[in-house]
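Each chain, letter by letter, is given below.
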Amino acid sequence: MIPYYVSLLIMTLLGSIASLFLKKASGSSSLVAMLKNINLYIGGFLYLSSALLNIWVLKVLDYSVVLPLTSLTYIWTMVLSYFILREKITLKKIGGVCLILIGAIMISIA
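Read on for a plain summary of the structure. (Residues numbered from 1 in each chain as written. Predicted model: local features only at pLDDT ≥ 70, side-chain atom pairs only at ≥ 80, totals over all residues. Heavy atoms only, no water.)

**Considerations on the side chain of serine 81**
Link 1 in the chain: Topologically, serine 81 is positioned in helix α5 (residues 72-83).
Link 2 in the chain: For serine 81, a relative accessible area of 9% translates into the label buried.
Link 3 in the chain: Apart from residues lying up to four places away in sequence, serine 81 is in contact with Arg86, Glu87 and Ile89. (Helix = DSSP H or I, 4+ residues; strand = E, 2+ residues; numbered from the N terminus. Buried < 20%, exposed > 50% of the residue type's maximum accessible area, 1.4 Å probe, protein only. Contact = heavy atoms within 4.5 Å.)

This is the structure we're talking about:
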């Protein structure tokens, strides 16, 4: 079972990294420029990879476990936005992420 949970963590990380690339692509000056932006395609590929990994994990783990644990994406997103995009992390954001983590852990061990 451990490989599936590791795969689930990787899946959530891929989803967050995909969002980061799409955020970078969104800075394009026009639609045509965005379609030429490699970040759009990297983000799309990572989302597709994450979705395929999700399907594979769902073959083994219960949906009631997998879906709540996908909320770990929010944690990865906050960390990546802080270190890469230099976004401000407030106490509210940290508190919210802590609550998400507590909920995900409670559901996964139930």
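**What about the packing of α5 against helix α6 (residues 91-109)?**
Link 1 in the chain: Contact geometry for α5 and α6: axes closest at 9 Å, N-to-C directions at 150°. Between α5 and α6, the angle falls in the class roughly antiparallel. Taken as a pair, α5 and α6 cross one another with a handedness that is left-handed. From α5, Leu72, Tyr74, Ile75 and Met78 reach across to α6, where they touch Lys93, Ile94, Val97, Ile100, Leu101 and Ala104.
Link 2 in the chain: In terms of residue class, the contact of α5 with α6 is built from nine nonpolar, no polar and one charged. (Axes fitted to C-alpha atoms, helices over the stretch in contact; angles between N-to-C directions. Parallel < 35°, antiparallel > 145°, perpendicular 65-115°, else oblique. Left-handed = near helix turned anticlockwise from the far one by under 90°. Nonpolar A, V, L, I, M, F, W, Y, C, P; charged D, E, K, R; others polar.)

**A word on helix α3 (residues 38-58)**
Link 1 in the chain: Here α3 contains 21 residues, and its C-alpha end-to-end distance of 30 Å stays within 8% of the 30 Å for a straight helix at 1.5 Å per residue.
Link 2 in the chain: Buried within α3 we find Asn39, Gly43, Leu46, Ser50, Leu53 and Val57. End-on view of α3: buried residues confined to an arc of 90°, all on one side of the axis. Opposite the buried face of α3, by more than 90 degrees, sit the exposed residues Phe45, Leu52 and Ile55.
Link 3 in the chain: The opening residue of α3, the one whose side-chain oxygen lies 2.9 Å from the backbone nitrogen of asparagine 39, is asparagine 37. (Expected span 1.5 Å × (residues − 1). Arc of directions from axis to C-beta. Polar contact = N/O pair within 3.5 Å; in protein donor to acceptor, adjacent residues only side chain to side chain.)

**Structural notes on the nonpolar core**
Link 1 in the chain: With 16 residues, the main nonpolar core has Leu8, Val57, Val66, Leu69 and Leu72 as its most contacted residues.
Link 2 in the chain: At the level of secondary structure, the elements contributing two or more residues to this core comprise α1 (2-25), α3, α4 (63-69), α5 and α6.
Link 3 in the chain: Broken down by element, this core gets its largest block of residues, four residues, from α1.
Link 4 in the chain: Sequence-distant contacts of valine 57, that is, excluding residues within four places in its chain, are made with Tyr4, Ser7, Leu8 and Val66. (Core = buried A, V, L, I, M, F, W, Y, C linked by side-chain atoms within 4.5 Å.)

**A short note on the packing of aromatic side chains**
Link 1 in the chain: Taken as a whole and assessed by the stated rule, the structure comprises two aromatic pairs.
Link 2 in the chain: Consider the rings of tyrosine 4 and tryptophan 56, whose centres lie 4.9 Å apart with planes at 35°: the pair is tilted. You can see tyrosine 4 sitting in helix α1 and its partner tryptophan 56 sitting in helix α3, a full 52 residues away along the chain.
Link 3 in the chain: With a relative accessible area of 38%, tryptophan 56 lands in the partly exposed category.
Link 4 in the chain: A ring pair is formed by tyrosine 82 and phenylalanine 83, whose centres lie 5.0 Å apart and whose planes are at 80°; its orientation type is edge-to-face.
Link 5 in the chain: The exposure class assigned to tyrosine 82 is partly exposed, which follows from its relative accessible area of 41%.
Link 6 in the chain: Residue phenylalanine 83 is classed as exposed on the basis of its relative accessible area of 53%. (Phe/Tyr/Trp six-rings, centres within 6.5 Å; stacked < 30°, edge-to-face > 60°.)

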